[in-house]
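# Report on the structure
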Amino acid sequence: PAAAAAGPPARDPFAIMCGKRVLTSLEGVEGARVLVRADLNVPLAADGSVADDSRLRASVPTVRWLVDRGARVVLASHLGRPAP
């Protein structure tokens, strides 16, 4: 069998098929400012503490992946719904 040609890492074929960009398809994030829109809208207990932190925990691998590659991460989210 022939050796694989050197080049950029393989892209996720599912992501390409769907026309979506996935985190692992990003190249050259070192030193770049990366805006991450994350769903951090967590339920709060009556005392204002976080009742369920699963959404916060779920975003950690994405942020860590970017930071480990030298990106400057800016997180954007919201908490709750706007008042009527």
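Look a little higher up for the structure.
Reference entry: report on the structure contained in this document. Computed from a predicted structure; not experimentally measured.

What counts and how
Residues numbered from 1 in each chain as written. Predicted model: local features only at pLDDT ≥ 70, side-chain atom pairs only at ≥ 80, totals over all residues. Heavy atoms only, no water. Helix = DSSP H or I, 4+ residues; strand = E, 2+ residues; numbered from the N terminus. Contact = heavy atoms within 4.5 Å. Areas by Shrake-Rupley, 256 points an atom, 1.4 Å probe, with all protein chains shown as cover. Expected span 1.5 Å × (residues − 1). Bend = angle between axes of the 7 residues up to and from the residue. Buried < 20%, exposed > 50% of the residue type's maximum accessible area, 1.4 Å probe, protein only. Core = buried A, V, L, I, M, F, W, Y, C linked by side-chain atoms within 4.5 Å. Pairing = 2+ DSSP bridges. Right-handed = clockwise from strand over helix to strand, strands pointing away.

### Brief notes about the overall build of the protein
The helix and strand inventory of the protein stands at 2 helices and 2 strands. Reading the secondary structure of the protein in the N-to-C direction produces α-β-α-β. Of the contacts made within the protein by residues no fewer than 6 positions apart, 64% connect residues no fewer than 24 positions apart. Carbon together with sulfur atoms contributes 58% to the accessible area of the protein, which is approximately 6800 Å² in total.

### Some words on helix α2 (residues 54–68)
Because an α-helix packs 3.6 residues into every turn, residues spaced three or four apart end up facing the same way. Relative to the 21 Å expected for 15 residues at 1.5 Å per residue, α2 spans 22 Å between its end C-alpha atoms, a close match to the ideal helical length. Remark: the principal bend of α2, roughly 30°, maps to Val 60, with a proline, Pro 61, within the next four residues. Every buried residue of α2 is accounted for by Ser 59, Trp 65 and Leu 66. Directly after α2, the chain includes Gly 70, whose backbone phi takes a positive value near 85°.

### Some points on the nonpolar core
If you look at the biggest cluster of nonpolar residues, it comprises 8 residues: Val 29, Val 34, Val 36, Ala 38, Leu 40, Trp 65, Leu 66 and Ala 71. Mapped onto this core, the elements with two or more residues apiece are β1 (33–37) and α2.

### A word on the pairing of strand β2 (residues 72–76)
In terms of strand pairing, β1 meets β2 through 5 bridges, oriented parallel. By the bridge assignment for β2, Val 34 is matched with Val 73. Handedness of the crossover is the feature at issue here: the chain leaves β1, passes through α2, returns alongside β2, and the resulting connection is right-handed.

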